[in-house]
Amino acid sequence: MRRTLVAAPAYLARYGTPRLIADLPAHSGICYSLARHRDDLQIDRTDGKRDYIGLNWVFRSNNGRSMVDAACHGLGLLATPLFLSAGAIQTGQLVPICLDDGAPSSLALQVVFPHARHVSTKVRLLIDTLAATFRDPAPWEIGLLDHVGGRLTAPPATMPFPTLPQPAEA
């Protein structure tokens, strides 16, 4: 899942918009408390290497919605999957930040299930739905991504959100 760096317009007006990875440590951040590297923001540099950047973490939560709300209220920078922040970006509550030399590392979505000779119809439907929903680009990213390099652009007036297929009656 692609993540983007976002902040409230008021936060950026007060503290400035970071343009480079080196600008990030001077900023306050909102942190996902259950992340493996919760004390660092993982950034994939344009040269292919990964940096772990420490911010001044002012808010920690294990709930994505509360993190987006905190960012909307100007608490700091947030690296979040677009499916959580797309609505706030669309309404102008959050502004995507494009660094010139990197971007927040993507997150993996993994489905774990017992190995069986035959996967049940329900499990197969779940896997297929997740694969369709989280494809690249995901439906909520369409209109937010400039496909030349995958950089964020201005959101469209209306944003398509995924319509999940309904399971067939068994």
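This structure is a prediction, so every number in the text was calculated from the model and none was measured.

Caption draft 1: The arrangement of a nonpolar patch on the surface in detail. A cluster of nonpolar side chains, namely Val111, Phe113, Val119 and Leu126, defines an oily patch on the protein surface of about 300 Å² accessible area. The residue phenylalanine 113 is located in the loop between strand 8 (102-104) and helix 4 (121-133) in this model. Take phenylalanine 113: its relative accessible area is 36%, and that puts it in the partly exposed class.

Caption draft 2: Focus on the side chain of threonine 129. Secondary-structure assignment places threonine 129 in helix 4. Residue classification places threonine 129 among the buried positions, given a relative accessible area of 13%. At 2.8 Å, the side chain of threonine 129 and the backbone oxygen of leucine 125 are in polar contact.

Caption draft 3: Quick look at the packing of helix 2 (residues 64-72) against helix 3 (residues 82-90). Close contact between helix 2 and helix 3 brings their axes to 10 Å; oriented N to C, the two are set at 30 degrees. As summarised for this structure, helix 2 and helix 3 are arranged roughly parallel, according to the angle between their axes. As helix 2 runs across helix 3, the sense of the crossing is right-handed. Counting all contacts with helix 2, which are made through Gly64, Arg65, Val68 and Cys72, the residues of helix 3 involved are Leu84, Ser85 and Ala88. In terms of residue class, the contact of helix 2 with helix 3 is made up of four nonpolar, two polar and one charged.

So, how was this worked out
- Residues numbered from 1 in each chain as written.
- Predicted model: local features only at pLDDT ≥ 70, side-chain atom pairs only at ≥ 80, totals over all residues.
- Heavy atoms only, no water.
- Patch = residues over 30% accessible without salt bridge, like charges linked within 9 Å, V, L, I, M, F, W, Y side chains within 5 Å.
- Areas by Shrake-Rupley, 256 points an atom, 1.4 Å probe, with all protein chains shown as cover.
- Salt bridge = Lys/Arg side-chain N within 4 Å of Asp/Glu carboxyl O.
- Helix = DSSP H or I, 4+ residues; strand = E, 2+ residues; numbered from the N terminus.
- Buried < 20%, exposed > 50% of the residue type's maximum accessible area, 1.4 Å probe, protein only.
- Polar contact = N/O pair within 3.5 Å; in protein donor to acceptor, adjacent residues only side chain to side chain.
- Axes fitted to C-alpha atoms, helices over the stretch in contact; angles between N-to-C directions.
- Parallel < 35°, antiparallel > 145°, perpendicular 65-115°, else oblique.
- Left-handed = near helix turned anticlockwise from the far one by under 90°.
- Contact = heavy atoms within 4.5 Å.
- Nonpolar A, V, L, I, M, F, W, Y, C, P; charged D, E, K, R; others polar.

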